Amino acid sequence: MSPYNSKYLAKYFSKVSFVITPTKHLQLFANINGVEGEFILDTGASSSCIDFKYAELFHLHVEESKIRAAGAGASNMLTKASAKNTLQIGHWKEEEMNFVLFDLNHINQALVEHDASIVHGIIGADVLIKSKAILDYHKKMLFLRNKKSIL
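The structure displayed is predicted, hence computed values, not measured ones. Note that residues are indexed from 1 along each chain, following the sequence as it is written. Residues qualify for local features only when their pLDDT is at least 70, as the model is predicted, and side-chain atom pairs are given and counted only at 80 or more; totals for whole chains, interfaces and linings, by contrast, use all residues. Processing note: side-chain calculations cover all non-hydrogen atoms of the structure and skip hydrogens and water entirely.

Engineer: What should I look at first to understand the sheet that holds strand β10 (residues 134–136) in this one?
Structural biologist: In any sheet, the strands associate via hydrogen bonds between backbone groups, in a parallel or an antiparallel arrangement. Each pair of strands is called paired provided DSSP finds at least two bridges between the two strands. We count a stretch as a helix when DSSP gives it H or I for four or more residues in a row; a strand needs E for two or more, and each element gets its number in order from the N terminus. Taking strand neighbours across the sheet as the criterion, the three strands line up as β1-β11-β10 in an open arrangement whose pairing is antiparallel. Looking at strand neighbours, the two that pair on one side only are β1 (13–17) and β10, the edges of this open sheet. The mean inter-strand angle of the sheet, taken between neighbouring strand axes irrespective of direction, is 20 degrees. In terms of strand pairing, β1 meets strand β11 (residues 141–145) through five bridges, oriented antiparallel. All axes are obtained by fitting lines to C-alpha atoms, using only the stretch in contact for helices, and the reported angles, taken between N-to-C directions, cover 0 to 180 degrees.

Engineer: I keep staring at the layout of surface pockets and nothing clicks. Help me out?
Structural biologist: To find leftover empty space, a probe the size of one water molecule is rolled over the atoms. Here the term cavity refers to a set of points on a 1 Å grid, laid over the protein atoms alone, in which a 1.4 Å probe fits but cannot get out; the term pocket refers to an open set having protein on both sides within 12 Å along at least five of seven lines, with lining residues being those that place an atom within 4 Å of a point. Grid points are joined across faces, edges and corners, and a volume is the space filled by probe spheres set on the points. Each pocket or cavity is described by its volume, and for the second largest pocket that value is around 240 Å³. Together, 12 residues line the second largest pocket, and Ser6, Leu9, Lys15, Lys139 and Phe143 are the ones closest to its centre. Put simply, the parts of the chain that give the lining of the second largest pocket at least two residues each are α1 (6–12), β1, β10 and β11. The classification used treats Ala, Val, Leu, Ile, Met, Phe, Trp, Tyr, Cys and Pro as nonpolar, Asp, Glu, Lys and Arg as charged, and all other residues, Gly among them, as polar. Grouping the amino acids of the lining of the second largest pocket by side-chain chemistry returns seven nonpolar, two polar and three charged.

Engineer: Teacher, can you tell me more about the pairing of β11 here?
Structural biologist: Regular strands show a simple pattern: their side chains alternate between the two faces of the sheet. Taking burial as the measure, the five residues of β11 include five buried ones, the bulk of the element. Neither face of β11 is left uncovered, since the one carrying Met141, Phe143 and Arg145 and the one carrying Leu142 and Leu144 both have all their residues buried. Bridge count for β10 against β11 is three bridges, and the pairing is antiparallel. Bridging from a neighbouring strand, Ile134 pairs with Phe143 of β11. Linkage of β10 to β11, two consecutive antiparallel strands, is achieved through a turn of four residues, within which Lys140 is found at a positive phi near 55 degrees. When accessible area is computed with a 1.4 Å probe and restricted to protein chains, residues below 20% of their type maximum are described as buried, those above 50% as exposed, and intermediate ones as partly exposed.

Engineer: Is there a simple way to think about unusual backbone geometry in this case?
Structural biologist: A negative phi angle is the norm for most residues apart from glycine, just as the trans form is the norm for most peptide bonds. Positive phi values are uncommon outside glycine, yet Lys84 reaches one of about 60 degrees. If you trace the backbone, Lys84 turns up in strand β7 (residues 74–89). Even without a glycine there, the phi angle at Lys132 is positive, about 50 degrees. By the secondary structure assignment, Lys132 is in the loop between α3 (125–130) and β10. The partly exposed category is assigned to Lys132, whose relative accessible area is 44%.

Bear in mind that shape data such as this cannot, by itself, settle questions of function.
Right, here's the structure in full:
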């Protein structure tokens, strides 16, 4: 059976819709520690990230970090870390999620300049790999493998 068969996907994966912003970013909603936020889905980001200013909103326990962040348009940015958080995207859930925190001002400024809404953070490849994600750009759907399913 093909892994892209819709019956297969419905049985083993949780599906979540996303929108494509005017900047061509994939944007979706997720819950961190029970609080809903808006996130960019970024296959090129190695780690999932949250803007410093939303640490309290998402009830994050923040620790100092020696790691420096780099991304499109910015490099050598100071970071902090938060471990053992709950991340829920649709029905998919991870109870031991780690996040990198850094200033996402440059990203949000670019989004606003292109009439897109600001985001609280980025869902990165760490989540996509852990969830064995499948992206359907045509249907604007993200499929995340249910943990209880055996593949």
